[in-house]
Amino acid sequence: MNEFSALGTEALHGLREDLRKDYARFQERGLKLDLTRGKPSAEQLDFSNELLTLPGAGEYRAADGTDCRNYGGLHGLTELREIFSPLLQVPVEQLIASDNSSLSLMHDTVMHAMLFALPGGSVRWVDVERPAFLCPVPGYDRHFAICEKFGIEMIPVEPTADGGLDIDEIERLAASDARIKGLWFVPKYSNPTGVSVSEGHAARLAAMNAAAADFRIFWDDAYSVHHLTDHHVTVAPILRLCAEAGNADRVFVFGSTSKVTFAGAGVSFLGTSPANLQWYLGHIAKRTIGPDKVNHLRHARFLGDAEGVQKLMEQHRDNLAPKFAKVQEILADSLGGTGIATWTEAFGGYFISLDVLDGTAAEVIRLAKEAGIALTPAGSTYPYGRDVRDRNIRLAPSFPPVADLDTAMRGVVLCVKLAAVEKLLQQS
Ligand SMILES: Cc1ncc(COP(=O)(O)O)c(C=O)c1O
């Protein structure tokens, strides 16, 4: 296909007429399709239906004899922590298992740090004038929402020209200002770009100089086992790297089974240094007497071991890979060579990050909405919803059936083209 920017005004007018007709026809179909959130499909949830029968009548004792029906056990069930310890690269003693949703652990960690000084810190974050977090962009909107809720300023860190992590900038910023207290970081198959951190960059994050003694990396390993190809990316064991670099307390590691078993009824994990763990558990102990250990037990029985988790993830991959392939195929067929869009192709995770012509993302999303296709709101991959170039769109292919995805993506590429032509004509 021709580069749109190389087309003369007349050719652009002709193209616009054709695209407007195609768009009107598309609109007439009265579709209702949703590519917004990275939710597992019902088929994926079915892979774990055995959980609904576990641990089974009369089964409530953990391997160490714990009666899972009762109060207590703030660390979570040992046999479940043992399964996820190698996957999250956190020693069992430093890993706790909690209730559904790792996001709630992240939220509570930030909230407690606002109200109670962290190990190594002398002040509560709420007493810091304009506390701030570093936010590699594009990123996960719910991380940003936590900062916004607590009044933590977000400092976006753009990727390098090749789409990689700008580690130099992160090092520079972290060392420059003691009010910078944290870094949101998705180390593997990140949301939305699918990028994974290199070993060298992980080592630099662990060892870098931070002006704040209580600086923390929120290492959100949400996609640790969510491979889409045979190339299983591994990332460096950040907790160990931090300890070796003399920054043992620098990192909180998060994970969950939301996209392994049930998104609404899974288990979550937090791994960190002994000092951080003591701090966290001390605060959490006032909030709960213990997690849902029956859910821990049924997860441990269902998954068995780390290999059991990997096997289950193979089923997810078989289900998801054709959907991702479909999106890639339509993007390449329709937008390849046009010069109006670029997109990511990841080895895992849940998203494809689509960059459209500068200044057209919001318009693409509006056009799609009016044609019955819901896309993640413009700017949502940026702090405060501010995508200054107005170009990033997060595509989430997991939920719709392939046929719907096909239809929705054909609509999306049409909107991308129409918005681009309108923009180019405005500029000509
Ligand atoms: C990077 C990232 N972290 C966390 C979550 C949510 O995790 P949980 O379901 O464990 O709260 C998501 C969900 O999309 C995510 O993309």
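All of these numbers come straight from a predicted model, not from anything done at the bench.

Asks: So what exactly am I meant to see when it comes to the site of the ligand here?
Replies: Around the ligand, the surrounding shell consists of Ser101, Ser102, Leu103, Tyr140, Val186, Asn191, Asp220, Ala222, Tyr223, Ser256, Ser258 and Lys259. The contact in question runs from an oxygen atom of the ligand to an N or O atom on the side chain of Ser102, over 2.7 Å. Side-chain polar atom of Ser258 to an oxygen atom of the ligand: 2.6 Å apart, as the coordinates give it. Its free accessible area being 400 Å², the ligand has 89% of it covered by the protein chains.

Asks: Please explain empty space enclosed by the protein as it appears in this structure.
Replies: Regions of empty space are outlined by a rolling probe, equal in size to a water molecule, passed over the atoms. For the structure on display, the rule yields four cavities of 30 Å³ or more. What lines the largest cavity is Phe84, Leu87, Leu88, Asp221, Ser224, Val225, His226, Gly255, Ser256, Val260 and Phe269. At the level of elements, α3 (78–88) and β7 (251–256) are the ones that each hand at least two residues to the lining of the largest cavity. Here the lining of the largest cavity takes three residues from α3, the largest share from any one element. Looking at side-chain class alone, the lining of the largest cavity contains six nonpolar, four polar and one charged residues.

Asks: When you look at the packing of α3 against helix α11 (residues 306–335) in this model, what are you seeing that I'm missing?
Replies: Geometry of a packed helix pair, given as the angle between the helix axes and the separation of the axes. It is at 8 Å that the axes of α3 and α11 come closest, and there the two elements cross at 70°. As the angle between them shows, α3 and α11 are arranged roughly perpendicular. On α11, the residues that touch Ile83, Phe84, Pro86 and Leu87 of α3 are Ala306, Val309 and Gln310. Residue composition of the contact of α3 with α11, grouped by class: six nonpolar, one polar and no charged.

Asks: How do you make sense of helix α12 (residues 361–370) when you look at a structure like this?
Replies: A turn of α-helix holds 3.6 residues, and therefore any two residues three or four places apart point the same way. Looking only at α12, the buried set comprises Ala361, Val364, Ile365, Leu367 and Ala368. Looking down the long axis of α12, one finds its buried residues gathered within 165° of arc, a one-sided arrangement. The inward-facing, buried residues of α12 abut α1 (9–28), β10 (352–356), β11 (373–374), β12 (392–395) and α13 (402–427). Just downstream of α12 lies Gly372, where phi reads positive at about 85°.

Asks: It is not clear to me how the sheet that holds strand β9 (residues 341–343) should be interpreted in this structure. Could you clarify?
Replies: Two modes of strand pairing occur in sheets, parallel and antiparallel, and in both the strands are linked by backbone hydrogen bonds. One open sheet holds the three strands; their spatial order is β9-β10-β12, and the pairing between them is antiparallel. The open sheet has two edge strands, β9 and β12, and neither has a second partner. Averaged over all pairs of adjacent strands, the angle between strand axes in this sheet comes to 20°, irrespective of strand direction. Pairing of β9 with β10, which is carried by three bridges, proceeds in the antiparallel orientation. Paired with Ala341 across the strands is Val356, a residue of β10. In the packing of α11 onto the sheet, contacts are made with β9, β10 and β12, and the angle to β10 comes to roughly 15°.

Asks: Any chance you could explain helix α4 (residues 102–115) here in plain terms?
Replies: With 14 residues, α4 should reach 20 Å at 1.5 Å per residue; the first-to-last C-alpha distance of 20 Å fits that figure. Counting buried residues along α4, 10 of its 14 residues qualify, which places the element largely inside the surrounding structure. All of the buried residues along α4 are Ser102, Leu105, Met106, His107, Asp108, Thr109, Val110, His112, Ala113 and Met114. Residue Ser101 occupies the N-cap position of α4, its side-chain oxygen lying 3.3 Å from the main-chain nitrogen of Leu103.

Asks: I would appreciate a short explanation of the packing of aromatic side chains in the present structure.
Replies: Given two aromatic rings, their pairing is described by the distance between the two centres and the angle made by the two planes. Overall, the coordinates contain 12 aromatic pairs when judged by the stated rule. Ring geometry for Phe218 and Phe252: centres 5.7 Å apart, planes at 45°, overall tilted. Pair noted here: Phe218 is in strand β6 (residues 216–220) and Phe252 is in strand β7, with a separation of 34 residues, a long-range link. We note Lys39 situated over the ring of Phe399; from NZ or CZ to the ring centre the distance is 4.8 Å. Sitting over the ring of Tyr60, Arg69 keeps its end group 3.4 Å from the ring centre.

About the thresholds
- Residues numbered from 1 in each chain as written.
- Predicted model: local features only at pLDDT ≥ 70, side-chain atom pairs only at ≥ 80, totals over all residues.
- Heavy atoms only, no water.
- Near = heavy atom within 4 Å.
- Polar contact = N/O pair within 3.5 Å; in protein donor to acceptor, adjacent residues only side chain to side chain.
- Areas by Shrake-Rupley, 256 points an atom, 1.4 Å probe, with all protein chains shown as cover.
- 1 Å grid on protein atoms, 1.4 Å probe; cavity = no way out; pocket = protein on both sides within 12 Å on 5 of 7 lines; lining within 4 Å.
- Points joined across faces, edges and corners; volume = space filled by probe spheres on them.
- Helix = DSSP H or I, 4+ residues; strand = E, 2+ residues; numbered from the N terminus.
- Nonpolar A, V, L, I, M, F, W, Y, C, P; charged D, E, K, R; others polar.
- Axes fitted to C-alpha atoms, helices over the stretch in contact; angles between N-to-C directions.
- Parallel < 35°, antiparallel > 145°, perpendicular 65-115°, else oblique.
- Contact = heavy atoms within 4.5 Å.
- Buried < 20%, exposed > 50% of the residue type's maximum accessible area, 1.4 Å probe, protein only.
- Arc of directions from axis to C-beta.
- Pairing = 2+ DSSP bridges.
- Expected span 1.5 Å × (residues − 1).
- Phe/Tyr/Trp six-rings, centres within 6.5 Å; stacked < 30°, edge-to-face > 60°.
- Lys NZ or Arg CZ within 6 Å of the ring centre and 35° of its normal.

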